[in-house]
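Survey of secondary and tertiary structure
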Amino acid sequence: MTMTPEACQFSINMLLEQETDLTGQLSTLLDNEYAAITGKDFETFEQTIRDKTLTVEQLELLEKERISLLESAGYEPGPEGILLFMQWCDPGQDITPRWEQLLTLAAKCREKNRRNRQLIDLCSRHTRETLRILRGEEAQQDIYQADGDTDGGHDRRTLARV
């Protein structure tokens, strides 16, 4: 069965609406995650991770539906394919702004996720360094003094023994 442009327009519009709503929810979750990290609210952080995972899974299902819709109409699922699909099913460009909104929102989510990942990495490095000091372990990375010596004369004792 061949898809008509009208049927595809209706379907893609519904999918894009759902994807945009979920991506907006993901953006809010990423903001909540950032607040939980900076506020050291580990319970909220863990719940946000679970919510984020569910939201991403739903987005992946919608993406598969979108790809299936494009392929059923004879278009490739990549960026060029979706543009050609939009030209075919939406010559009045009524849906194109929604697609562009989704792309913009997704880019913001990628940036927020990158920001959160960097903050988590920083906290993790700090925690590992603190544990290393408490255990009295050697530094992972020696810092050389001006004379080339790596031992700055610091006593290497655990805080428990100090």
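Residues numbered from 1 in each chain as written. Predicted model: local features only at pLDDT ≥ 70, side-chain atom pairs only at ≥ 80, totals over all residues. Heavy atoms only, no water.

Attention now goes to the packing of helix α1 (residues 5-38) against helix α4 (residues 96-135). Contact geometry of α1 with α4 gives a least axis separation of 9 Å together with a crossing angle of 20 degrees. In terms of orientation, α1 lies roughly parallel with respect to α4. In terms of crossing hand, the pair formed by α1 and α4 is left-handed. In terms of residue class, the contact of α1 with α4 is built from 13 nonpolar, 9 polar and 7 charged. (Axes fitted to C-alpha atoms, helices over the stretch in contact; angles between N-to-C directions. Helix = DSSP H or I, 4+ residues; strand = E, 2+ residues; numbered from the N terminus. Parallel < 35°, antiparallel > 145°, perpendicular 65-115°, else oblique. Left-handed = near helix turned anticlockwise from the far one by under 90°. Nonpolar A, V, L, I, M, F, W, Y, C, P; charged D, E, K, R; others polar.)

Turning to the nonpolar core, a few remarks are in order. Of all hydrophobic cores here, the largest spans 20 residues; its most connected members are Ile12, Leu16, Leu69, Leu70, Phe85, Met86 and Trp99. Apart from residues lying up to four places away in sequence, phenylalanine 85 is in contact with Cys8, Ile12, Leu69, Leu70, Ala73, Tyr75 and Asp90. (Core = buried A, V, L, I, M, F, W, Y, C linked by side-chain atoms within 4.5 Å. Buried < 20%, exposed > 50% of the residue type's maximum accessible area, 1.4 Å probe, protein only. Contact = heavy atoms within 4.5 Å.)

What follows is about unusual backbone geometry. For lysine 40, which is not a glycine, the phi torsion comes out positive at approximately 50 degrees. Residue placement: lysine 40 occurs in the loop between α1 and α2 (42-72). The exposed category is assigned to lysine 40, whose relative accessible area is 59%. At glutamine 93, a residue that is not glycine, the phi angle is positive and equals roughly 55 degrees. Summarising the element assignment, glutamine 93 is placed in the loop between α3 (79-89) and α4.

This paragraph deals with the packing of α2 against α3. Packing of α2 against α3 leaves a shortest axis separation of 11 Å and a crossing angle of 65 degrees. The interaxial crossing formed by α2 with α3 has left-handed handedness. The segment α2 lies against α3, with Arg66, Leu69 and Leu70 engaging Gly81, Ile82 and Phe85. Taken together, the residues of the contact of α2 with α3 sort by class into 4 nonpolar, 1 polar and 1 charged.

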